[in-house]
Amino acid sequence: PMEVKAFFDQPTYTLTYVAYDPESRDAVVIDPVFDFDVQTWRTSTASVDEVQAFVREKSLNVRWVLDTHAHADHLSGTDVMKAAFGAPTAIGNEITAVQQLFAGVYGLEEQIATDGSQWDELLVDGQKLAAGSFQVEALHTPGHTPACYSFRIGDTVFTGDALFMPDYGTGRCDFPKGSASDLYDSITQKLYTMPDATRVFVGHDYLPGGRALAYETSIGASKEQNIRLRASTSRAAFVEAREARDAQLAPPKLILQSLQVNIDGGRLPAPEANGRRYFKMPINFLGS
């Protein structure tokens, strides 16, 4: 059976996973984090280094580095991870729509390719990705963003920002091209049709009520207990509650830095003549 090692990035509440076959030692890395301090604007590879240390300790062969979507709350460590292990990278094919949208927001149409070429593979719904001794099934689960994917490996599914722990609910749907109705379909028609015993590993855990970190649940527990979307929840009820909740949420602290890097496959802006790198930050884009 697959083994899963989780790494928690406390500043962004993000979970990175190494899923691996202990016999063949084949592995995939899902949603690595490239650290960024919002006050000093310093970057660090501390999170990626921790994952790499585990991979080396277990002598794992990293077959793929996978992004569930273009994250809006942390910089992606995909490019750093690829450089460390020489492993190919993959993300959902719909990323091109997200790239085109945000390259326009930042005025970076000339600098950033919007054809998904930053990744080695653009995934389509239902695609099976060979990872040595096992396969990863890519499932298009849009709603949080139009390009969100969940990754199913055997009896395990990594849901990214679609489905969270039952006491927290689901991903928000108020980012550009997000859709609560789409998320309802993704969860009820793709995830909740899996066997109840399927293990679910979530993309974030926000420690609601101050409880301890939790990142593994099951499809059965989610269908029965998820506070936003149970098997019995109607589309209308979910959409209404999700949209009401989203209207009260602040944007993620790192959204403008993250998206600029993440639509470019986790690459920082190129250095300018003085050797420094700079972000472009759109004024009056967020909020009303």
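Please refer to the structure higher up on the page.
Here goes a summary of the coordinates provided. (Residues numbered from 1 in each chain as written. Predicted model: local features only at pLDDT ≥ 70, side-chain atom pairs only at ≥ 80, totals over all residues. Heavy atoms only, no water.)

Quick notes on the pattern of salt bridges
Stage number 1. Applying the stated criterion across every chain, the model contains 11 salt bridges.
Stage number 2. Of the charged contacts in the structure, one is a salt bridge between K82 and D120, with a shortest N-O distance of 3.0 Å. In this pair, K82 sits in helix α2 (residues 78–85) while D120 sits in the loop between α3 (95–106) and β9 (121–123), placing the two residues 38 residues apart along the sequence.
Stage number 3. The shortest N-O distance in the salt bridge between R199 and E216 comes to 3.8 Å. (Salt bridge = Lys/Arg side-chain N within 4 Å of Asp/Glu carboxyl O. Helix = DSSP H or I, 4+ residues; strand = E, 2+ residues; numbered from the N terminus.)

Here we look at the layout of surface pockets
Stage number 1. Estimates place the volume of the largest pocket at around 750 Å³.
Stage number 2. Contributing to the lining of the largest pocket are 36 residues, with T12, Y13, D73, Y206 and P252 lying nearest its centre.
Stage number 3. Mapped onto the lining of the largest pocket, the elements with two or more residues apiece are β4 (33–36) and α6 (235–246).
Stage number 4. If one sorts the elements of the lining of the largest pocket by residue count, β4 sits on top with four residues.
Stage number 5. For the lining of the largest pocket, the per-class residue count stands at 18 nonpolar, eight polar and 10 charged. (1 Å grid on protein atoms, 1.4 Å probe; cavity = no way out; pocket = protein on both sides within 12 Å on 5 of 7 lines; lining within 4 Å. Points joined across faces, edges and corners; volume = space filled by probe spheres on them. Nonpolar A, V, L, I, M, F, W, Y, C, P; charged D, E, K, R; others polar.)

Digging into empty space enclosed by the protein
A probe as big as a water molecule, rolled over the atoms, marks out the empty space that is left.
Stage number 1. The tally for this structure, following the rule as stated, stands at one cavity of 30 Å³ or more.
Stage number 2. Around the largest cavity, the lining is made up of 13 residues, and of these V98, F102, T145, F175 and L259 lie nearest the centre.
Stage number 3. Among the secondary structure elements, those contributing two or more residues to the lining of the largest cavity are α3 and α7 (255–262).
Stage number 4. Sort the elements by how many residues they give to the lining of the largest cavity and α3 lands first, with three residues.
Stage number 5. A breakdown of the residues in the lining of the largest cavity according to their chemical character gives 10 nonpolar, three polar and no charged.

Regarding the pairing of strand β3 (residues 26–30)
Stage number 1. When you tally the buried positions in β3, you get five out of five residues, the bulk of the element.
Stage number 2. On β3, burial covers both faces: D26, V28 and I30 on one face and A27 and V29 on the other are all buried.
Stage number 3. Pairing of strand β2 (residues 14–20) with β3, which is carried by four bridges, proceeds in the antiparallel orientation. The partner of Y17 across the bridge, within β3, is I30.
Stage number 4. With antiparallel pairing between neighbouring strands as the criterion, β2 and β3 make up a hairpin whose turn holds five residues, including R25 at a positive phi of roughly 65 degrees.
Stage number 5. Pairing between β3 and strand β6 (residues 61–66): five bridges, direction parallel. Across the sheet, the residue bridging to V28 is W64, located in β6. (Buried < 20%, exposed > 50% of the residue type's maximum accessible area, 1.4 Å probe, protein only. Pairing = 2+ DSSP bridges.)

Concerning the nonpolar core
Stage number 1. Among the nonpolar cores identified, the biggest contains 41 residues, and V28, L66, V136 and F151 are the most heavily contacted of them.
Stage number 2. Those residues in contact with V28 that lie beyond four places of it in its chain are Y17, V18, A19, W64, L66, A131, F134, V136 and I153.
Stage number 3. Among the nonpolar cores identified, the runner-up in size contains 16 residues, and V98, A147, F175 and L259 belong to it. (Core = buried A, V, L, I, M, F, W, Y, C linked by side-chain atoms within 4.5 Å. Contact = heavy atoms within 4.5 Å.)

Some words on the sheet that holds β6
Stage number 1. The strand order across the open sheet built from six strands is β1-β2-β3-β6-β8-β9, with neighbouring strands paired in mixed fashion. The sheet is open, and its two edges are formed by β1 (3–9) and β9, each paired on a single side. The sheet shows a mean angle of 25 degrees between the axes of neighbouring strands, direction not considered. (Axes fitted to C-alpha atoms, helices over the stretch in contact; angles between N-to-C directions.)

Digging into the packing of aromatic side chains
Stage number 1. All told, the structure shown has 18 aromatic pairs when counted by the stated rule.
Stage number 2. Judged by centre distance (5.4 Å) and plane angle (50 degrees), the ring pair of Y13 and Y206 falls under tilted. Here the residue Y13 occupies a position in the loop between β1 and β2, and Y206 occupies one in the loop between β14 (199–201) and β15 (216–218), the gap between them amounting to 193 residues.
Stage number 3. Y206 sits in the partly exposed class, given a relative accessible area of 26%.
Stage number 4. With a centroid separation of 6.1 Å and 40 degrees between ring planes, the pair formed by Y184 and F238 is classed as tilted. In this pair, Y184 is assigned in helix α4 (residues 180–191) and F238 in helix α6, connecting sequence segments 54 residues apart. Taken individually, Y184 and F238 each receive the classification buried, so the pair is uniform in this respect.
Stage number 5. Across the ring face of F7, the terminal group of K5 is positioned such that the distance to the ring centre comes to 5.6 Å. (Phe/Tyr/Trp six-rings, centres within 6.5 Å; stacked < 30°, edge-to-face > 60°. Lys NZ or Arg CZ within 6 Å of the ring centre and 35° of its normal.)

A short note on the sheet that holds strand β10 (residues 128–131)
Stage number 1. Spatially, β10-β11-β12-β13-β14-β15 is the arrangement adopted by the six strands of the open sheet, whose pairing is mixed. Lying at the two open borders of the sheet, with one neighbouring strand each, are β10 and β15. Taking the axes of each pair of neighbouring strands and ignoring which way they run, one obtains an average angle of 30 degrees across the sheet.
Stage number 2. One ladder, built from three bridges, connects β14 with β15; its direction is antiparallel. Paired with V200 across the two strands is T217, which belongs to β15.

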